[in-house]
Amino acid sequence: MLDLKLIRENPKEIERRLQRRDPAISLGKLLEYDEERRKIIGHVEEKKSLRNKVSEQVGKLKREKKDAEAQKVIAEMGQLADEIKALDNKLAQLETQMKDILDRLPNLPHPSVPVSQNKFDQKILRIHKEKPNFSFEPKTHLELAETFGMLDFPRAAKIAGSRFPLYRGWGALLEMGLIQFMFKYQVEKNGYTPMIPPYLGNEESFYASSQFPKFREQVYEIPEDKLFINPTAEIVLCNVHRDEILEADQLPINYAGYTACFRREAGTYGEEERGLIRMHQFNKVELFKFTKPEESYAEHEKMCEDAEDILKELGIHYRAALLPSCDMGLAAAKTIDLEVWIPSQNRYYEVSSVSNCEDFQARRGNIRYRPGKDAKPQFVHTLNGSGLATSRLFIAIIENNQQPDGSVVIPEPLRDYVGADRLKP
RNA sequence: GGAGGGGUACUCAAGCGGUCGAAGAGGACGGAUUGCUAAUCCGUUGUAGGGGCUUCACCUCUACCGUGGGUUCAAAUCCCACCCCCUCCGCCA
């Protein structure tokens, strides 16, 4: 959430900056409501002040046993209570309307973010390794998985429906190995604190991380218990320190959290997205940081490198891309995507999205820190990044490592977990 | 799921219709004293939103005692609903 005060003080500038993301954004209504709200606050507080004074007087009279006089004063109060109630209602209504607008406004893009309304206008920052060259027609991950009995989509569909995975055999071992390898790597090599958070969260948590209200329809819901199923550990990890005041020397806090992730993916489909590309359920190791504002961009770079470490260790060709203004998530001020090469589709797919949300989530979740001994608490900056999402990584690994003889070489770091160096048909 | 207890400021905790933004203790901070440490004494110690004034000072008002409603001239205090925590029972990986 943006700071309303900031909007009020520089409406034109903020609007211009928001329009870099979406030219349709306008702050007119919000400012209008805000002005009316402040006017009403003036009135209602004046009346409340009067009410408080009179009430105090009544109390005094009653104590002095001047009941008759007290009754008279009470009668004089007349409709004051009703007026206050009416104004309070109007105020609540205005505030709801403002919140509706404010809750859906995205974060301000960082100055380094390319301004474009075309999501393909990303800036390629780095490319690691060469595109693999195959002397044969590379098989798709579905074909490979079939050969090795790694995935069983028909039965997964029978159990849960389409777009749910059933890993089996080598597939299950590889998937589990990947998770363990990534989790352990971020903890041991990059110093993150390992976390296994709840897979379900409440309304407040989803609001604080900015998933709600705008992206509610992407989330599975359990209405009887008013709980929602984790679509990314970003949400649950963000809420670890909700409504807390952290000490400056605790920061930065670095968490690596493993969860399964569940997304409804309503309205998304496509021939390209067959197999494991876009699932209702997938596994992810998520990196999350709470930092001081002045350190967040350095930490953003670091987090990106931490995620890239995994791809380097696995020896996969990938690129890091700075997203243009139109393509970032609501809370992000700056996002770098890591995209792996998928040979069978001759294109890159996102396996990680590393974002600096600055104080956008912290403001909603009231996550603060104390900069100095006597200093006032300030909002922290929050950062999140996949480190990484497995199902697409799974595809990249088996497709990129297939050999002319039809076998698949298991990357060195995963061999102990899988219990094999190579899968043979 | 059933029964009981409880949620008050940084922490603990009193208050159960008016003088309560809230006693007391601890902590933290500032000061005094001090050979060091400790102890003692004095003082300070919330957040948010309006307005004044104008800016990083200050004054003033309003709101906040788990959350949301209600009663009342007046609610931390009474009523209703909900949430969370603890104990016991039941169930259970």
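Note that the coordinates shown come from a computational prediction; the quantities given were computed from them, not determined experimentally. (Residues numbered from 1 in each chain as written. Chains lettered and ligands numbered in written order. Predicted model: local features only at pLDDT ≥ 70, side-chain atom pairs only at ≥ 80, totals over all residues. Heavy atoms only, no water.)

## Points about the sheet that holds strand S10 (residues 334-342)
- An order of S1-S9-S10-S11-S14-S8-S7-S2 is seen for the 8 strands of this open sheet, with the pairing classed as mixed. The open sheet has two edge strands, strand S1 (123-128) and strand S2 (193-195), and neither has a second partner. Strand-to-strand twist across the sheet, computed as the mean angle between neighbouring axes with direction ignored, equals 25°.
- Relative to the sheet, helix H11 (residues 296-314) contacts S1, strand S7 (253-262), strand S8 (281-291), strand S9 (318-322), S10, strand S11 (347-356) and strand S14 (381-389), its axis offset from that of S14 by approximately 5°. (Pairing = 2+ DSSP bridges. Helix = DSSP H or I, 4+ residues; strand = E, 2+ residues; numbered from the N terminus. Axes fitted to C-alpha atoms, helices over the stretch in contact; angles between N-to-C directions. Contact = heavy atoms within 4.5 Å.)

## Re the pairing of S11
- Among the 10 residues in S11, 8 count as buried, and that is most of the element.
- Bridge analysis of S10 against S11 gives 9 bridges, and the strand direction is antiparallel. What sits directly across from Ile342, in S11, is Arg347. (Buried < 20%, exposed > 50% of the residue type's maximum accessible area, 1.4 Å probe, protein only.)

## A short note on unusual backbone geometry
- The omega angle of the peptide bond from Leu251 to Pro252 is -5°, so this bond is cis rather than trans.
- Omega for the peptide link from Gly387 to Leu388 comes to 10°, which places this bond in the cis form.
- One can find Leu388 in strand S14.
- Despite not being glycine, Lys129 shows a phi value in the positive range, around 60°.
- Assignment of secondary structure puts Lys129 in the loop between S1 and helix H6 (141-148).
- The phi angle at Arg163 is positive, at roughly 65°, despite the residue not being glycine.
- As for its placement among the helices and strands, Arg163 is situated in the loop between helix H7 (153-159) and helix H8 (169-188).

## Some words on H6
- Where H6 is concerned, the buried positions are His141, Leu144, Ala145 and Phe148. In an axial view of H6, the angular spread of the buried residues amounts to 100°, which keeps them on one side of the axis.
- Against the buried residues of H6 lie H8, helix H13 (390-400), strand S15 (408-409) and strand S16 (422-423).
- At the exit of H6 stands Gly149, carrying a positive phi of roughly 65°. (Arc of directions from axis to C-beta.)

## Here we look at the state of the cysteines
- Counted according to the given criterion, the structure contains 0 disulfides.
- Here Cys238 stays unpaired: no disulfide links it, and the sulfur of Cys357, its closest cysteine neighbor, is 7.7 Å away.
- The class for Cys238 is buried, based on a relative accessible area of 1%.
- Cys357 supplies the cysteine sulfur nearest to Cys304, a cysteine that is in no disulfide, at a spacing of 14 Å. (Disulfide = S-S within 2.5 Å.)

## What to know about the packing of H8 against H13
- Here H8 crosses H13 at 115°, and the two axes come no closer than 10 Å. If you check the angle between H8 and H13, you find them roughly perpendicular. Crossing of H8 over H13 shows right-handed handedness. In contact with Gly171, Leu174, Glu175, Leu178, Ile179 and Met182 of H8, H13 contributes Thr390, Leu393, Phe394, Ile397 and Ile398.
- When its residues are assigned to classes, the contact of H8 with H13 shows 8 nonpolar, 2 polar and 1 charged. (Parallel < 35°, antiparallel > 145°, perpendicular 65-115°, else oblique. Left-handed = near helix turned anticlockwise from the far one by under 90°. Nonpolar A, V, L, I, M, F, W, Y, C, P; charged D, E, K, R; others polar.)

## A few points about the protein's contact with RNA strand B
- Residues in close proximity to RNA strand B total 20 residues, the closest being Arg8, Glu45, Ser49, Asn52 and Ser55.
- The contact atoms of RNA strand B, taken as those within 4 Å of the protein, divide so that sugar and phosphate hold 59%.
- One of the side-chain nitrogen or oxygen atoms of Arg37 is found 3.2 Å away from a sugar or linking oxygen of RNA strand B.
- In the model, a phosphate oxygen of RNA strand B is placed 3.0 Å from a nitrogen or oxygen of the Asn52 side chain.
- Listing elements by their share of the surface near RNA strand B, those giving two or more residues are helix H3 (28-63) and helix H4 (67-77).
- The element contributing the most residues to the surface near RNA strand B is H3, with 14 residues.
- Counted by class, the surface near RNA strand B contains 4 nonpolar, 5 polar and 11 charged residues. (Near = heavy atom within 4 Å. Polar contact = N/O pair within 3.5 Å; in protein donor to acceptor, adjacent residues only side chain to side chain.)

## Overview of the side chain of Asn401
- By secondary structure assignment, the location of Asn401 is in the loop between H13 and S15.
- Those residues within four positions of Asn401 in sequence are excluded, and the remaining contacts are Ser407, Val408, Val409 and Pro411.

## Focus: the domain arrangement of chain A
- Taken domain by domain, chain A holds domain 1 (4-104) and domain 2 (123-423).
- Of note, the centres of domain 1 and domain 2, computed from C-alpha atoms alone, are 44 Å apart.
- Listed as interface residues are 6 residues of domain 1 and, on the opposing side, 10 residues of domain 2.
- Between domain 1 and domain 2, the buried area comes to about 710 Å², and carbon and sulfur atoms account for 40% of it. (Domains from an automatic or database assignment. Buried area = accessible area lost by both parts, 1.4 Å probe.)

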